[in-house]
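Architecture at a glance
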Amino acid sequence: MTGRVAIIGAGPCGLGAARELSRLGHDDFVIYERSQHVGGLASSVVDPAGFTWDHGGHVVFSHFGEFDRLLQEALGDEVYEHDRSSYIRVAGRWVPYPFQNNLRHLPPKEALECLIGLIKAPGGNPDMDFSSWMEAVFGAGITRHFMRPYNFKVWATPAERMSARWIGERVSVVDYERALRSILFEEDDVSWGPNNRFLFPMVGGTGEIYRRVALRFADRIRLGHELVALDPEAKLLRFTNGRTDTYDHLISTMPLDLLVARIEGAPERIRQEAAALTHNSVYMVGIGYEQPLKDDRSWLYFPEDNAPFYRATNFAKYSPANVPDADTARYSSYMTEVSFSPWKHEPRQGLEERVERGLRAAGVVSGRPKVVSAHVETIPYGYPVPTLERDRILRTVQPWLMEHDIYSRGRFGAWRYEAGNMDHAVKMGIDAARRIIADKPEELWSL
Ligand SMILES: Cc1cc2nc3c(=O)[nH]c(=O)nc-3n(C[C@H](O)[C@H](O)[C@H](O)COP(=O)(O)OP(=O)(O)OC[C@H]3O[C@@H](n4cnc5c(N)ncnc54)[C@H](O)[C@@H]3O)c2cc1C
């Protein structure tokens, strides 16, 4: 007997789990969501000026048939399909992404430094810390001009504290022969990676996907319910609004460190380990301009310190509906991401001005177009950081949770950045549901 399944969080993972439970004919489930809307980090907002923003640059691409089917069911043909057009701003030039594959676009001095570094690089292995790994794989030049400053801007964590185990398909590893070829034959290599083609909903931003998925079981979603305490012996949940519920199985998609901190009677060893997990935080700063959309690129990376953001997304290009009245003959918009952490302070005051100045200083916009919107969303949990101790912590904490019928899954539930995108989160939710109902082994999540 499976009994009652409680799901914490109505983001992609929780909704993926709910949809699968419902598909398998198991209707005894309920989703508890802290906020007043579904979608989690993958939700979208419309600001008072009428611009739509995501919580940072989201591109929809998929590794899993199950995610493709969810998208098809939710959006049908109401999607745009884009070819990635992505660049890195270095030394006043736009270098096509991935940087390391397209060194020929750098000024000669920097290109030579990067190439010599690449030739001399001894090669790395996943047991290295991330700092040593980038030097060993890319050499001194690429590390100095791109890898180190860019990664610090994203992770807001010293690379020495990070592992190199997450890299896989997240970082393009190039050899010097390919780099030389690109320089001598003046060839670009821009198709690398899983997201070189991506989809985007025609209306409503990324969040539209999850708004539509949730419609199917809206009567089972309890908004405004923040889990504040959990008794694993009595299988009892308590929420900040005073309500309680019991469960037989729990799928939690809230951050793992916060979950463990709220479990009554959790052993001290488990608490301490979970508390040592590291994350960064992100400000999404969206700038809406009264200026026609002319830029044809998708998103841009910024390793240098003339702009506070590490990435800017040309959001009107993703869908005209992202600007007021879908009027791209009048409006354009850039969605930027600025990280912060105890290692990287980013004062909230004046942030919008710094970002807007950065867009001009880095050459994203020229002249002084009229700013008609400056919208900020604060994302306290942005990236789950793959620190050196992360895997040890997960191998200690997760088995203890599983012994108590608690499946902690999703971007911050599993705390595995390498499986931290929307398609991964949905797949983890689906797999957890199948495991609970049909005892099927999970295909994505592992320790
Ligand atoms: C800056 C940024 C850029 C990204 N770019 C991409 C991209 O390009 N492509 C891509 O596929 N993915 C991208 N992602 C990742 C994507 O947002 C996540 O994979 C996805 O949202 C994770 O879904 P989830 O359900 O696991 O977690 P979440 O989306 O975090 O959902 C968890 C839910 O739990 C709720 N919750 C938390 N605590 C409690 C509590 N105590 N009680 C009740 N509810 C609670 C939250 O409110 C939230 O709704 C990006 C993420 C960020 C931050």
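Relevant structure appears above.
I will try to describe carefully the structure that is included in this document.

About the criteria used
Residues numbered from 1 in each chain as written. Predicted model: local features only at pLDDT ≥ 70, side-chain atom pairs only at ≥ 80, totals over all residues. Heavy atoms only, no water. Helix = DSSP H or I, 4+ residues; strand = E, 2+ residues; numbered from the N terminus. Near = heavy atom within 4 Å. Polar contact = N/O pair within 3.5 Å; in protein donor to acceptor, adjacent residues only side chain to side chain. Areas by Shrake-Rupley, 256 points an atom, 1.4 Å probe, with all protein chains shown as cover. Nonpolar A, V, L, I, M, F, W, Y, C, P; charged D, E, K, R; others polar. Pairing = 2+ DSSP bridges. Axes fitted to C-alpha atoms, helices over the stretch in contact; angles between N-to-C directions. Phe/Tyr/Trp six-rings, centres within 6.5 Å; stacked < 30°, edge-to-face > 60°. Buried < 20%, exposed > 50% of the residue type's maximum accessible area, 1.4 Å probe, protein only. Lys NZ or Arg CZ within 6 Å of the ring centre and 35° of its normal. Contact = heavy atoms within 4.5 Å. Salt bridge = Lys/Arg side-chain N within 4 Å of Asp/Glu carboxyl O.

Quick notes on the environment of Gly92
- Within the secondary structure layout, Gly92 lies in the loop between strand S6 (86-90) and strand S7 (93-96).
- Taking C-alpha positions, Gly92 is 35 Å from Asp423, a pair spaced 331 residues apart along the chain.

Points about the site of the ligand
- As a matter of local geometry, the ligand sits amid 32 residues, with Glu33, Leu41, His58, Arg411 and Gly420 nearest to it.
- Between the ligand and Arg262, the relevant distance is 3.3 Å, taken from a nitrogen atom to a side-chain nitrogen or oxygen of the residue.
- Within the backbone of Gly420, a nitrogen or oxygen atom sits 2.7 Å from an oxygen atom of the ligand.
- Alone, the ligand offers 1000 Å² of accessible surface; in the complex the protein occludes 95% of this.
- Counting residues per element, the ones that place at least two in the shell around the ligand are helix H1 (12-23) and helix H13 (422-438).
- Split into classes, the residues belonging to the shell around the ligand amount to 11 nonpolar, 14 polar and 7 charged.

A closer look at the sheet that holds strand S16 (residues 311-314)
- The strand order across the open sheet formed by 7 strands is S7-S6-S15-S16-S17-S14-S18, and the pairing between neighbours is mixed. Two strands in the sheet have a free side with no partner beyond their single neighbour: S7 and strand S18 (370-379). Averaged over all pairs of adjacent strands, the angle between strand axes in this sheet comes to 25°, irrespective of strand direction.
- Pairing of S16 with strand S17 (residues 332-340) involves 4 bridges; the strand directions are antiparallel. From the neighbouring strand, Arg311 faces S17, where its bridge partner is Glu337.

Examining the packing of aromatic side chains
- Within the structure shown, the criterion is met by 30 aromatic pairs.
- Look at Phe315 and Tyr318: their rings are 5.6 Å apart centre to centre, the planes differ by 55°, and that puts the pair in the tilted class. One end of the pair is Phe315 and the other is Tyr318, both in helix H9 (residues 315-318) and 3 residues apart, which spans about a single turn. Just as Phe315 is buried, Tyr318 falls in that class too.
- Over the ring of Phe185 we find Arg181, and its NZ or CZ is 4.7 Å from the ring centre.

Some details on the sheet that holds strand S19 (residues 406-408)
- Pairing within the open sheet is parallel, and its 5 strands lie in the order S9-S2-S1-S13-S19. Of all the strands in the sheet, just strand S9 (221-222) and S19 have a single pairing partner and so form its edges.
- Relative to S19, strand S13 (residues 249-252) runs parallel, the two sharing 3 bridges. For Ile251, the partnering residue across the bridge sits in S19 and is Tyr407.
- Along the sheet, H1 contacts strand S1 (5-8), strand S2 (29-32), S9 and S13; its crossing angle with S2, the most-contacted strand, is approximately 165°.
- Against the sheet, H13 makes contact with S1, S13 and S19, and its axis sits at roughly 175° relative to S13, the strand it touches most.

Focus on the pairing of S13
- Both faces of S13 are covered, namely the face carrying His249 and Ile251 and the face carrying Leu250 and Ser252.
- Here S1 pairs with S13 via 4 bridges, running parallel. Each residue of the ladder has a partner; that of Val5, found in S13, is His249.

Here we look at the pattern of salt bridges
- Within the structure shown, the criterion is met by 40 salt bridges.
- Between Arg181 and Glu187 there is a salt bridge whose closest N-O contact spans 3.5 Å.
- The network of salt bridges with common partners includes Glu20, Arg23, Glu66, Lys427, Asp431, Arg434 and Glu443.

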